[in-house]
Each structure stands twice: as C-alpha cells, then as structure tokens.
Amino acid sequence: MAAVTTEHPATENDIVMDDADDTVDSPSLIIPIKSSSSGSFIEIFPEEMTETSSSTLLQVLKDEDASLSVWADAALLYVQHKQHARDASAILQAGCEHPGGTDEERKRLFASAGIAHLTHAQQTAVAKRGGSSAKDDLSSMADNHFTQSSKIDNLYPMAWMGRGMLNLFAGRLEQAGFFFDTTLNECGRILPALLGLAAVAYLEKNYDTAQRIYAEAIRSYPARSGAAVRVGFGLCCYKLGQVDRAKASFARALEIDPENVEAMVGSAVLDMASLDETSSAFNSTMEKAIKMMSMANLLDHSNAMVQNHLANHYFWKWTPISGTVEVEKGSNVVKGTQPIPLDPGERIRIGTDFETYVSEDIGDDEEGKSFRMKDQWKEPSTGGLKVWKKDYDRVETLAKGAYSSTSVQDIQAESLFFLARVHHVRGDLEHANQFYERACKLSPDLSPARFGLAQTLIAQEDYGQAAVNLQRVLAASNTATDALAALGLIEVKGGKKMKEGIAHLRKAIDLDPLNPDLVLLEALALQQQETNYSNSLERYKKAVQLMERNGRKISSDIYTNIGVLYHETKNFDESLKMYKLALDASDENIDERTAKLENVGLDGGTIRHPDNNMFYGYVDSQLKIEYSTNQGETTKLTIADSSGKDPSDLPFASGDYIQIGESFESEVAGIEKSSDFISVTLRSPFKVENEKEPAEDAESSIEKTLIPIHVKRENDRMKRSSTISIAFNLARLHEAAGRTLPAVELHKAILKRNPAYVNSYLRLACIAIDCGALEECAGWLKIAAQTAPGNPEVLTLIGNLHLSLCDWAPAQQVFDGLLGKKVPNVEAYAMLSMANIYFANLDVAGKYKKYLTYSADYYKRILTKDTANAYAANGLGTVLAENAELFKAKEVFNRVREVSGDAIADAHLNLGHIYLAQKKHPEALQMYQSYLKRTEDGTAPISSKSRKDDKVNVLLYIAFAYFDWARQAELFNNQKAAPADERYKKAMENLEVAIGENTSKTVVLTYNLCMTKLQAANCVLQKLTRNIRRTASEVEEALNGLEQSLKTVEEILEKKQDGSLKVPIATSTLNDFLTHCRSNIDSAKSHLEDERKREEEANELRELQRLAAESQRKHQQLQDQLRKETEAKIQEERDLKAREKMRKVADLSANWEMEKAAAAQKKVKKAKVPEAPPASDVLFPEEEEGAVNTKNLFDDSDDSDAGGEKPNEESELNKTETGGSTQQDLFGDSDDSDDEAVSAAEKGATKEGEQAETREVEPVSTQQELFGDSSDDDSDEELVPQTAKRAADENDEQPAKKMKVADDED
C-alpha cells in the first residue's frame, strides 16, 4: 500500500511512467504562503515529519488554503515517515471536505483518502483496537471515497487499485483479483497491481503463481519493491518447500531493511527449524535466532508471531538464578550463598539433572537464603551448585501479549495453548482446561492443544469428552502414540470398549516397540480385568526388560503392580519377592534399609516377626556374653565386662529380640543384676554348636568363650508414606497365605505410624471376625470411627445429620474427608452429597458461579462412573435448569423418572419448575400436585426444616403456577382470557391453605394473597372490554377482595413503619400496591352499579323470553297431537289392506291344490307309451282346460316371450318363474323394481343351465312382496303348505328323469 501512496499521478501515463522509474526519492513538502506576494513557501523536510503533529500540519494547510495536491503530498509524507495511517487519513479526510481543486486533484485526493482509511482499518484490525465496528466504519469510509473518485473518472487506476485492496482486505479474493488484473491491463505492469495480484494468489494458496508475480515485481522494480516484497517471495518459497531460497530471500530483505520484523521472524524460525542438537553450532545458532526474535519483539511489540515464538522458547528454557547453593544427602533443605527469589510451587533444577518443585513450606529463613524442595537430594552432599528455574511468568506475559495483538484466530489459538501449558505444568488444571478449550474452538486443527484438553479432561474424570478429543487428534495424525495410548486406557477403563482400547495400545506399541512406557500402559490396561492377569504379567515383565536395557530405574509402583498380580494369581512366593523389590526401589536413601540401635520402634506397633524381616535388622550392641564350654544348654547367660553397670545401661530390655553368634535368636525374658555381673534370661535355651568332647581333666579343660550380641531393631522404611501401601499389600499377602500373626503385626505398625489408614482398621476387624473375636472386631470399628472416617455407615449418618440441620460446613467436612479416603461403595454417595451442598449454597455472595461449577463437576463425575445413578442425573438436571438449559433439563428429569421407576420425588418438583418456566402450566401443576401428595403422605424427603414448611413451599409453587397461568391468559385481551378468573381463584385457595399451614410469622404469603386478589379484581373489571360475561356478584366479590387487601396491606405498612413487624417487602412496593388498590376499588364500585342495572334489565328480558318460550311449547304440543292422530289413521288403512291380501293368499293356495291334482292324473294316463315322443312332447305335455286357466291367471308374459323356441330346461324354468310374476301382479302391489328383480332372476336362470332345476321349485320368492311390509329376515315358507311343497318336489324330479332317458336314447 505504501507503493500506491508514493505515486503522484496526474494522468494514467504518469502513473505508468512513475512506476517504471525505479528510483526512491523522498522530497520535502512545500506549502506556498497565501499572503506572500514574493512566492514564499513553507518547506517541511522528511526528517522533520516525525516531530510534526498532524494537528499542526492540518492547521497550516487550512490557513494557507493549500491546493489539494499539497494535501495529498502531506498525507503521503506523513505515512512514509510516521508509519501509521491514522493521522494521514485525518489529513486526507479534511482535504476531501476542503472546497475547490481541479477534477484531477480531487479524484487523486479521494482515492488517496480511501487508501489511507483502508490502511488505517488494517492497522486497527492487527492491533485489535476499537473492535470490529471501528474497522467496518473505516472500510465503509474508504468505499465511499473510492466511489467519489470513480464518479469523477470511472477509469482512474488509483481508484481501481483501492477497490482491489478493499476487496482483498474483506476476503473477497475473486473481486480483488479482477480489479488488480484490470489495472494491469489498463496501466501496464505497475508495482502496486503486481503486489495485489501476488497477495491474492498467495491467499488462494496458489504459491507458484504468487512466487512468479513477486519475482516479476522484484525484477521490474528492484529498488521500489523493497524488503516487504522479498518477504512475500520468501514465504512463497517456504510454502513450496524451497527452504534455502526462503532463507536467502529473508536475508536479502534484512539487508534492505534491517528492522523488517517479518524478515527477522522468518529467518529466525527457519534457522531454529534446521538446527541439529548434536551439532557443535547448536547453541550459538539457537542463541542467534533467539536474539533476532527478541530484537523483532523490541521493534514491534504487537507482532503476535514473534511473541508466540519467544513464549515457546522460554517455556522450555531454564533460567539461571544468581548465586550457588549446597544441599546434603537425604535432605530437602537447600541453602544458598545469597537470597534466592523463588515462590512456592515453582519448578527448579539443581545442578545438571535434578528437577523438583519448591515446597509450600519454604522454611523460616528470614534472609531468604534457603528454601525447601519437595523431593530429597539423593546424591552425596554437594556445594557450589547452580539453581535454575522455569520463567513461566515471562511465558504467560508473552502469550497474553500475542493474544491481544492479533485477530488471526490460528495465532490466538497458539497463544492460548501456551497459556494452557503454563497452568497445566503448575497443576492448575481448571484454568488449563479453559485455555485448552478456547484454543480448540479458535483452531480446531491445533492437535497439541486438543491433546492437552484431553489430558485435563482425564484428570477431571470426564472420560467421554476426553475420548472425543483424542479421536480428533488421531484423525489429524493417526501415528500419535501418546494419543493412541491415552485413548486406549480410557476405553479400557470404561469397560465397554475393552477390545478397542487394547487395539489402540497395541497399535501405539507397534509404532514405537522399544518404548517401555507404552508397554506399561498396555499391562495396566490388561490388569483391569481378572481374565487378563496372566497377559498383564507378561507385559509388565517385557516393560521391565526394556527399562533395564535402557538403563532406566524401575519404580516401586511397577514392582507393586506385579506383586499384586502374583498375589491375585495365588503365586504368593513371587508376590513376596516383588513386594521386597518394591520396597528396595522406593528407598530414596540406601541408609533407610539399615537398622539403627536407637530405633526401638513404637509401642504397640513394633515389627519383630520373621516374616516381616524386610522392616528390621540386627544391630551390634557392643556387648558380649561369657559362655563356658561345659555349660551345655542354658537360658541364663552372663554379659561380659558388666561389672558396675546397671540393666538400664544396656541397649536392650525385656521383650527385645537378640541374636547371639551367627544364627541363634531368642526373646529376652528378663535381665538380672548381681554383685559382679549382669545376667540375661532367654526364652529359648542357648548352646554353642559343634561343641568339643570334654577332656579327662575337666577343670583344666574348661574354656570361656566371648560371643557378640546383636539386637533386633527396625529400619526407617516405615517412616515414609510411600512404603505404607506396600506394607499394607504385604499384610494382605500374609492374610491370603494364612500368616495371620505377621499380618496383624504389619497392620498395627501401619496404624501406629498412620492412624488415619482406614483399610488397616477394616482388615484388623475382618481378621478378628475370622478368628471369632467379635468384641475385638467391635473395638477396632469403634477406634476407626473415632480416629478416622473409616466406617462408611458412621460417616454417612453423621453427614446426613448435618445436612438435615443445614449445617453445611460440618457436612461438607465429613463428606469431603470421605472422598479423600476413597472408601469403596460410598464414594458416589459422598460426591452426591458434596454436589448437593454446593448447590444448596448458591445464594452465598460471590460464590454462585464457582459453587454451581463445583456442583456440576461432582454430578458429572458420578455419572461418569455410574451412568445409571438417577440421583446424580437429577442433580445435573437442576444445574442445567439453573443455567437456563430448560430443554436439556427436562429430558434429564424425564429420564430420571424412567430409570428410577418414578421413585425420586424431587424429579416431580424439578419438572414442575421446568414446565412453569416453559409456560406449560397444566403439566407444571400436575407435577406440583404429585409432589404435594408425596409430601403429605411422607414419602418425599424433607428438604426444609419441617414437613409443614415443605408443604407450604409446594402450595406456594402451585399458587404461583395458577397465578402465572391466569396472567398468561389475560395477555389475549379477548374472550380467550375467560379462564383467568377461575385460575386466580385457584391461586387464592392455595395461598389461603398455605397461610393456614405456615409455621413462621412471615407476611410474604399474606402479601401474595393480596396481590392475587388485586389481579383477580382487575381481571373481573376488564371482562366487558374483553367481551366476557360477568355478574354483579363477581364484581361485588372482587370489590370485597380489594377492600380486604387494602386493609391488610395498610396494616402491614403501618407495622413496618413503626418497627413492630419485620417485613421483607420494600415500602415503595407496598405504597404502589395501596395506590393501585384504591384506584381499583373506585372503579369496582362504578362497575358494580352498572352491572346491577344491567342485571335488572336482563332479568326483565329473560321473563319476556320465558313467556314466549312457554307459548311456543304449547303450540308444539298441539302440533304433535295432530300428527299422532294422522299416523293412527294411516296405520289402520294399512292393516285393512293386509287382511285383504291374506284372503287372496288363501284363494291362491286352493288353486295350487287343483293344479297338482290335474298333473297327477296326467302322469297316470301317460304311464304306457308305444314309442318315444318328441322331446317337446315329453317336456311339455298337454294340459287340461282347468289347468290352462290357472296358468294363464299368473301368466303376464307378452307375445315375444311365448313365441320363440327354447331348450327344454329353459322352458320349464320359464313356466315356473312366469307363474311367480303373475302372483305379484295378481294383488296389484308390484312395482317396477319388482319387475326388474323378476327379469334379473330370469336372466340368471337362463345363464346357469342345469342349475335352473334346483331353483324352479321356489315360486314363493315373490310372495315376500305380497303384503308389502315383510322384511328380508321373514321366512315365506309358512305360507306354503307342506303337501304342496312335496308335490312340487316330485314334479321337479320327474322332468329331470325324462330328460336323462331322452339323452340316453339319443
């Protein structure tokens, strides 16, 4: 951008020629004096610009009425020498507002002002001053100036360049490339357009094109391109992997401009990246690079990249502390030659490789020349040592400065990562987690930050989120062994993905097979399941082999784990060996293994059993016994040279164990003093082995032997806390192996040295039970309850007692202590209690956020270990609700009800609150009523001081739900607001019940009742405007409620003012209530009068309506009576017709009998036939006259039906069906529908062929319609005599037989 503003274009050709001339000049600024007639002027030299304020220069330009070209030159010179566009943009902005000037001057001034504003916006964004609004405002001003310039000359190149820069700054790369490319096409290969096009290509990651354009700019304008173009070229080379060319480019940039910060950073970073730690020039090159970074930081304190690199450097660098120190072997006190500026918790290094932390107890040295460290000095006592420390404060300062100096999210994420690492290494995991999380949000691909976040989440036992972050790390780099190992351990710990976890661990081992730490992690993972104990042992052995091969020390924890595995697999001997190796490995000082004569042990906790020999040894007492060869076995021995000594002078006493000679051991039973010597009585008889045969001369052969005495004394191993767990495991091994006495001895020794070690109390109690010593068991449990929180039931009972009394601090102390001891099976309950305590104290001033976070953490920790813990889920739901995450909270509470079988009453109350917040009042009331029922029957736990108080609280919740529901209904302000009145009444009813149940003397409930009455009265008064009916009684009831409320609140206010009653309600609130109440009373009285008048008028109208309705009723009764009489006449006529039809049926039945008799006579006459007649004669025999008349009676077929020839079967069918049709017509009641039905039946009979024979015997099918009133369900068979039916059957069978004979003859 500086290259653009250095131009002084008058025309397009001038611009091209000016860029083509590759000279760098810095002319002075000449301002002609307006009042001078001799051509005087003011000249400001470039070196004077740094001392000239923008306000002074601006005032001179205004006073002298300088031309617009002078304004532009002044701004250009200001930018070149002050390196900031803020003052230049102010000068140009004032110039744009200055009147006059030619079009050439004005378009140049407008374009220059736009570029200056754009430059200012960019500098503002980099420095993060003014926020995004200031940047947007400057960009908008630049856009306006470019527009003004384009209005004067639409093809002005400087305006096109400004447009390109504006789009480039806004990230619109395609548009920016268009403007730069157009400028090149119009004006030639000018430097500003080349640089803009190169920047676009670089941002598009087209590094080849960007490199080519930068190279063209350098070749075309070697002087004007300057150092910045070389830096851009170097960055392109680096992106293309051309590291040597990048280094050369940065070096050339530094030659041109030794203070170019970007070139310094690039050169230093490349130098550090190419360093070889084994090279002899490593230190010098590194020091040179860091010096260059430091110089860049001095030149530009706002360069975030420089600050991040320096922060990373100082994070790993050890900073020396002036002076030297000395330290003794086995001591943790460090003494210096001068004051040592160290704070507790700081990480230090003494000498070359001993690293530790400064202890919290830094000592009482007033001069500050000494301090304590956490670990003991293991090397021999040494002086003149140098102390080094980590300068984490400098790292933190640099990282914070980098974060505040840039708006680039990737760079900010790196700064946050450095801050997180500082907090992480200091043990502040909470803040480390926050910074890691923020870094990951800004730069999701920053794997180191994500891995650090996973580490803090693991420490917080949030294994689910930790696994998610580790998977994202592996997605970016699937060869990250640390991430693979951590993810594998998490999956193994969860228990649900054991195979996947082992697979991840083995993949990490495959990537780094010689790393013993990875093998140890696999062994630890396999150890989580009993079925994998053998495989875990093998992996531990492999890890030990790798560590021994690498010369690494094997920690006591590894040996302890191996011992536990051998213990669990019943290999007790190997387990004992591993525990002994663990003890040896835990000895920070080899002298701790050596027993000392003065270490007699603790009374009641001495270790003497041979199976516990790793904790004691025999020490030379400097005493000897006199033993005569003729003594034989004896229990009484004389101490040599004990004349004149007292038994108290001896280094042992009765009860001690001594060793005489090489192998004899016995307990001292007693010590006696005689006049000349001191004798010792032993529990076991002593005899010297390999005794010689006595000589013949006994007196001359007696020899006296002096044998040394060694005393059993303890070593210092049990003084270390790290040994206690190993000793406990040894005691458990003794129990499993049946060695009860050494087990009891070790447990007692542990308790004497660590009285709060609960597990030993419990194990002693279990041993006593196994031995049948119930009283001793009770004694151990009693001691455990008195001395340490070892009994879970006692702790739970004490904690719950404090909780019921709302004694939060003691309860927290009890459950916190229980959590610290990690007592099995009650840890979840203790965490739940702690969470509830924090949640119950959210109202503590200044602790809301902190306590809410603690509460949520405890609930999450419980659910991490036990996802089915409904109580923890219910608590987490309350936290979500407190954080206004109502939807999630509701889902949690519903899930709690499902999992717990609706046994947790609090879930109902919490759901009620959620529904109320969501304005779902019916659901809220249902939940509140359910909880109230449980409170009344005693199934809900007491959450307040008494069950009555709980009931009052729930009644208050219910009342408020009704109240809020009514207020919500009133918002409609129309007929939909009608239910509000009833809801206000429900609210008042519940408040009255609550007041009756209330045991405290608070007036809040009374005030709430008065407020509800006020709102209810207001609702009644507004019914007319909402087009809702109301009565005078409702208005009168509202008026009475208002008057009662007014009186009650006046009394409350009076008592509050005279101090006779403590009222937790503001006086202003009470006065406002009284004002509204009085106003509503006046309005209610007016409404009541109007309503009474309205009701009187309504009563009169209702009376008139009643009389009219009575008259209408009587008229209707008369009409009904007339209708019934008419219906009776019609029914009588129908009955008469029915009787007539019955008579006709009887006549028809008689005709049928006559027809059957004629048919029978005809059969007799034709019994003997001389030859076979024609088929037509057989099927249609001649009939008598009487029969013909009967047939014609039912025959209503037309001539067309009788004319044509039909098959024999069809003729017989037509005879029968035609008869049926005639019977219907006989009575004159058949209609067209009946004719259609008969016709359909005839067609069906014709199509069915031989099946017609089975249908022709049903002539009564038309008789159903004879009476007109029969239904389908009625049977007509009752109208046909049985004899007629049988005759019809016979007639049906005979034609069929004749037909068969005819067929056979054919």
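Residues numbered from 1 in each chain as written. Predicted model: local features only at pLDDT ≥ 70, side-chain atom pairs only at ≥ 80, totals over all residues. Heavy atoms only, no water.

## Quick notes on the overall build of the protein chain
For the protein chain, the helix and strand inventory stands at 51 helices and 14 strands. The proportion of buried residues among the 1306 residues of the protein chain is 41%. Carbon and sulfur atoms form 50% of the exposed surface of the protein chain, whose accessible area is close to 70,700 Å². (Helix = DSSP H or I, 4+ residues; strand = E, 2+ residues; numbered from the N terminus. Buried < 20%, exposed > 50% of the residue type's maximum accessible area, 1.4 Å probe, protein only. Areas by Shrake-Rupley, 256 points an atom, 1.4 Å probe, with all protein chains shown as cover.)

## With respect to the sheet that holds strand β10 (residues 634–639)
Judged by pairing direction, the barrel is antiparallel, and its six strands sit side by side in the order β9-β10-β13-β12-β11-β14 before closing back on the first. Strand-to-strand twist of the sheet, defined as the mean angle between neighbouring strand axes without regard to direction, takes the value 45 degrees. Sheet topology note: the strand β9 (residues 616–628)/β10 ladder contains two bridges and is antiparallel. Across the sheet, residue Glu626 finds its bridge partner in β10, namely Thr638. (Pairing = 2+ DSSP bridges. Axes fitted to C-alpha atoms, helices over the stretch in contact; angles between N-to-C directions.)

## Considering the packing of aromatic side chains
As enumerated under the stated definition, the model contains 15 aromatic pairs in all. When the centroid spacing of 5.6 Å and the interplanar angle of 50 degrees are considered together, the rings of Phe315 and Tyr392 count as tilted. With Phe315 in helix α16 (residues 304–316) and Tyr392 in helix α17 (residues 392–404), the pair connects residues that are 77 residues apart, well separated along the chain. Like Tyr392, Phe315 is buried. Between Tyr1007 and Phe1073 the ring centres are 5.7 Å apart and the planes differ by 55 degrees, which places this aromatic pair in the tilted class. Of the two residues, Tyr1007 sits in helix α43 (residues 1004–1021) while Phe1073 sits in helix α45 (residues 1067–1165), which places them 66 residues apart along the sequence. (Phe/Tyr/Trp six-rings, centres within 6.5 Å; stacked < 30°, edge-to-face > 60°.)

## Topic: the nonpolar core
Grouped together as the largest cluster of nonpolar side chains are 144 residues, with contacts concentrated most on Leu470, Ile558, Ile562, Phe615, Met718 and Leu730. Ignoring any residue separated from it by four or fewer positions in sequence, one finds Ile558 in contact with Leu520, Tyr540, Val544 and Met547. (Core = buried A, V, L, I, M, F, W, Y, C linked by side-chain atoms within 4.5 Å. Contact = heavy atoms within 4.5 Å.)

## Description of the sheet that holds strand β4 (residues 333–336)
If you trace the six strands from one edge of the open sheet to the other, you get β6-β5-β8-β3-β4-β7, paired in antiparallel fashion. A single partner strand is all that each edge strand has here, and the edge strands are β6 (354–357) and β7 (370–372). Each neighbouring strand pair of the sheet contributes to a mean axis angle of 35 degrees, computed without reference to strand direction. Direction of pairing for strand β3 (residues 318–327) relative to strand β8 (residues 382–390): antiparallel, over a ladder of seven bridges. Bridged to Thr319 within β8 is Lys389.

## Brief notes about the pairing of strand β13 (residues 678–686)
Regular strands place their side chains on alternate faces of the sheet. Pairing analysis gives five bridges linking β10 to β13, with the strands arranged antiparallel. Among the inter-strand pairings, Thr638 is bridged to a residue of β13, identified as Ser679. Pairing of strand β12 (residues 664–673) with β13, which is carried by five bridges, proceeds in the antiparallel orientation. Across the sheet, Val668 pairs through a bridge with Leu682, a residue of β13.

## Quick look at the side chain of Ser415
Checked against the element boundaries, Ser415 lands in helix α18 (residues 409–425). Within the structure, the side chain of Ser415 is placed 2.8 Å from the side chain of Asn308, a separation counted as a polar contact. Not counting residues up to four positions away in its chain, the partners in contact with Ser415 are Asn308, Ala399, Ala402 and Tyr403. (Polar contact = N/O pair within 3.5 Å; in protein donor to acceptor, adjacent residues only side chain to side chain.)

## A look at the pattern of salt bridges
Following the criterion strictly, the structure yields 41 salt bridges and no others. A salt bridge links Glu396 to Lys400; the nearest nitrogen and oxygen atoms lie 3.6 Å apart. Highlighted residues: Glu396 and Lys400, both in helix α17, separated by four residues, approximately one helical turn. Accessibility expressed as a relative area gives 45% for Lys400, which makes it partly exposed. Between Lys719 and Asp716 there is a salt bridge, with its nearest N and O atoms 3.3 Å apart. Lys719 sits in the exposed class, given a relative accessible area of 63%. Judged by relative accessible area, Asp716 falls into the buried class, the value being 15%. Salt bridges here are not isolated pairs; linked through shared partners, they connect Asp393, Glu396, Lys400 and Arg426. (Salt bridge = Lys/Arg side-chain N within 4 Å of Asp/Glu carboxyl O.)

## Some points on helix α42 (residues 980–997)
Spanning 18 residues, α42 covers 26 Å between terminal C-alpha atoms, matching the ideal 26 Å at 1.5 Å per step. Within α42, burial applies to Ala980, Asp981, Arg983, Tyr984, Ala987, Met988, Asn990, Leu991 and Ala994. (Expected span 1.5 Å × (residues − 1).)

## Some details on the pairing of β8
As defined by bridge partners, strand β5 (residues 347–350) adjoins β8 across three bridges and the pair is classed as antiparallel. Its bridge partner lying in β8, Ile350 is registered against Val387.

## Some points on unusual backbone geometry
Of note in this structure, Lys570 is not a glycine but carries a positive phi near 70 degrees. Since its relative accessible area comes to 62%, Lys570 is described here as exposed. Positive phi, close to 55 degrees, is recorded for Asn973, a residue that is not glycine. A relative accessible area of 47% means that Asn973 is categorised as partly exposed.

## Thoughts on the packing of helix α37 (residues 870–882) against helix α38 (residues 886–900)
Geometry of a packed helix pair, given as the angle between the helix axes and the separation of the axes. Remark: α37 packs on α38, axes separated minimally by 8 Å, with the N-to-C direction vectors making an angle of 165 degrees. It follows from the interaxial angle that α37 and α38 lie roughly antiparallel. Where α37 crosses over α38, the two elements pack in a sense that is left-handed. Residues Ala870, Ala873, Asn874, Gly877, Thr878, Leu880 and Ala881 of α37 pack against Leu886, Lys888, Ala889, Val892, Phe893, Val896 and Ser900 of α38. Of the residues belonging to the contact of α37 with α38, the class tally is nine nonpolar, four polar and one charged. (Parallel < 35°, antiparallel > 145°, perpendicular 65-115°, else oblique. Left-handed = near helix turned anticlockwise from the far one by under 90°. Nonpolar A, V, L, I, M, F, W, Y, C, P; charged D, E, K, R; others polar.)

## Here we look at the confidence of the model for the protein chain
For any part of a model where pLDDT is low, the fine detail of the predicted coordinates should not be relied upon. Within the protein chain, residue pLDDT values average 76, and 74% of them lie at 70 or more. A low-confidence stretch, residues 691–700 (pLDDT under 50), is modelled with two contacts involving residues beyond four sequence positions or located in other chains. Below a pLDDT of 50 lies the segment residues 1172–1306, which in the model reaches 126 contacts outside its immediate sequence neighbourhood of four places, other chains included. (pLDDT = per-residue confidence, 0-100.)

## A closer look at the state of the cysteines
Counted under the stated rule, the structure contains zero disulfides. With no disulfide of its own, Cys236 lies 6.9 Å from the sulfur of Cys237, the closest cysteine sulfur. This cysteine, Cys1010, is not joined by any disulfide, and Cys1077 carries the nearest cysteine sulfur, 8.0 Å off. (Disulfide = S-S within 2.5 Å.)

## Comments concerning a nonpolar patch on the surface
On the surface, Met295, Leu298 and Leu299 cluster together to form a nonpolar patch covering roughly 270 Å² of accessible area. Here Leu298 lies in helix α15 (residues 282–299). You can call Leu298 exposed: its relative accessible area is 57%. (Patch = residues over 30% accessible without salt bridge, like charges linked within 9 Å, V, L, I, M, F, W, Y side chains within 5 Å.)

## Details of the environment of Val70
Looking at the secondary structure, you find Val70 in helix α4 (residues 68–82). According to the relative accessible area criterion, Val70 is buried, its value standing at 9%. Sequence separation between Val70 and Glu105 is 35 residues, and the spatial gap between their C-alpha atoms is 9.4 Å.

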